[in-house]
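Overview (structure and organization)
Below, each chain spelled out in residue letters.
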Amino acid sequence: MTARDIYITDKDMDRLRELLRTTKDPDGRERPYLESLRVELDRARIVPPESIDAGVVTMNSKVRVRDVAAPRGRTIITLVYPERADLETNHVSVLAPLGAAMLGCRAGERVSFDVPSGVRTCEVEEVLYQPEAAGDVHLEVNRFRQ
């Protein structure tokens, strides 16, 4: 499988790098998730918020995804920073396997990620809301303290 091009705003990149730098993981449980996000960030193309395409998944984007193994299994999720993650409201952390895989991809792309039972593939069907496209670039000015 070839690596897809991913796009991240310079503001998201700064915030995510700070998240990686300050996240405490004393027992090593988060290490694979942190590493997965680090790999995605290292290969990302950085663009100014006003230049990002509205169909790209950025932080705080709300997207409709479909599990390829269950074609009728569509879910609307919001990609968030870890402190806002909440499975009941479908707020998925950027540190979760699906979150890290979706970051920076475009609507129509498929993403694969590791889960305890193996590899799962989802298609990002549509970006329903993207802060940059909506003019909401002020969202999530965090300190990333854990």
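Description of the structure in this document. Residue positions are given per chain, counted from 1 along the sequence in the order it is written. Reporting of local features is limited, given that this is a predicted model, to residues whose pLDDT is at least 70; pairs of side-chain atoms are given and counted only at 80 or more, and all residues count toward the totals for whole chains, interfaces and linings. With hydrogens and water stripped out, all remaining heavy atoms of the structure feed into the side-chain values.

So, the nonpolar core
- Counting 30 residues, the largest nonpolar core has Leu16, Leu37, Val94, Met102 and Leu103 as its most contacted members.
- Put simply, DSSP H or I for four residues or longer makes a helix, DSSP E for two residues or longer makes a strand, and each gets a number counted from the N terminus. Sorting the residues of this core by element identifies helix H1 (10-22), helix H2 (31-43), strand E3 (62-67), strand E4 (74-80), helix H3 (97-102), strand E6 (110-115) and strand E7 (118-129) as the ones contributing at least two each.
- At 4 residues, H1 tops the list of elements feeding residues into this core.
- Apart from residues lying up to four places away in sequence, leucine 16 is in contact with Leu37, Leu41, Met59, Tyr81, Val94 and Leu103. For the purposes of this section, nonpolar cores are sets of buried Ala, Val, Leu, Ile, Met, Phe, Trp, Tyr and Cys residues that join through side-chain atoms within 4.5 Å. Classification of residues uses two cut-offs on accessible area relative to the type maximum, computed with a 1.4 Å probe and protein chains only: under 20% is buried, over 50% is exposed, and between them is partly exposed. The contact criterion used throughout is that any non-hydrogen atoms of two residues lie within 4.5 Å.

A closer look at the pattern of salt bridges
- In the sections that follow, a salt bridge refers to a side-chain nitrogen of Lys or Arg positioned within 4 Å of a carboxyl oxygen of Asp or Glu. Under the counting rule described, the total for this entry stands at 12 salt bridges.
- In this structure, arginine 17 and aspartate 42 form a salt bridge, with 2.8 Å as the shortest nitrogen-oxygen distance. On the criterion of sequence distance, the pair formed by arginine 17 in helix H1 and aspartate 42 in helix H2 is long-range, its members being 25 residues apart.
- Residue aspartate 53 is joined to arginine 106 by a salt bridge in which the shortest nitrogen-to-oxygen separation is 3.5 Å. Here aspartate 53 is found in the loop between strand E2 (45-47) and E3, whereas its partner arginine 106 is found in the loop between H3 and E6, with 53 residues between them in sequence.
- Using a relative accessible area of 30% as the deciding quantity, one classes arginine 106 as partly exposed.
- Overlapping salt bridges bring together Arg64, Arg66, Arg74, Glu123, Glu125 and Glu126 as one network.

Overview of the side chain of arginine 66
- By secondary structure assignment, the location of arginine 66 is in strand E3.
- The class for arginine 66 is buried, based on a relative accessible area of 11%.
- Here a polar contact is taken to be a pair of N or O atoms separated by no more than 3.5 Å, where protein atoms must pair a possible hydrogen donor with a possible acceptor and residues adjacent in sequence count only if both atoms sit in side chains. At 2.5 Å, the side chain of arginine 66 and the side chain of glutamate 123 are in polar contact.
- Every residue in contact with arginine 66, bar those within four places of it in the chain, is listed here: Pro71, Gly73, Arg74, Arg110, Thr121, Cys122, Glu123 and Glu125.

Notes on the sheet that holds E4
- For two strands to be treated as a pair, DSSP must find at least two bridges joining them. Across the sheet, 5 strands lie side by side as E5-E4-E3-E7-E6; this open sheet has mixed pairing. Single-partner strands in this sheet number two, and they are strand E5 (91-93) and E6. With direction set aside, neighbouring strand axes in the sheet form an average angle of 45°. Simply put, an axis is a line fit to the C-alpha atoms, just over the touching stretch for a helix, and the angle between two N-to-C directions goes from 0 to 180 degrees.

Describing the environment of asparagine 60
- Mapped onto the fold, asparagine 60 is located in the loop between E2 and E3.
- Along the sequence, asparagine 60 and histidine 91 sit 31 residues apart, while their C-alpha atoms lie 8.9 Å from each other.

What to know about the pairing of E3
- Sheet topology note: the E3/E4 ladder contains 5 bridges and is antiparallel. When the sheet's bridge partners are listed, valine 65 is paired in E4 with threonine 75.
- Pairing between E3 and E7: 6 bridges, direction antiparallel. Each residue of the ladder has a partner; that of valine 65, found in E7, is valine 124.

Observations regarding unusual backbone geometry
- In this model, asparagine 60 sits at a positive phi of 75°, which is unusual for a non-glycine residue.
- On the accessibility criterion, asparagine 60 (8% relative accessible area) is buried.
- Located in the positive-phi region is asparagine 90, a residue other than glycine, with phi close to 60°.
- On the secondary structure map, asparagine 90 appears in the loop between E4 and E5.

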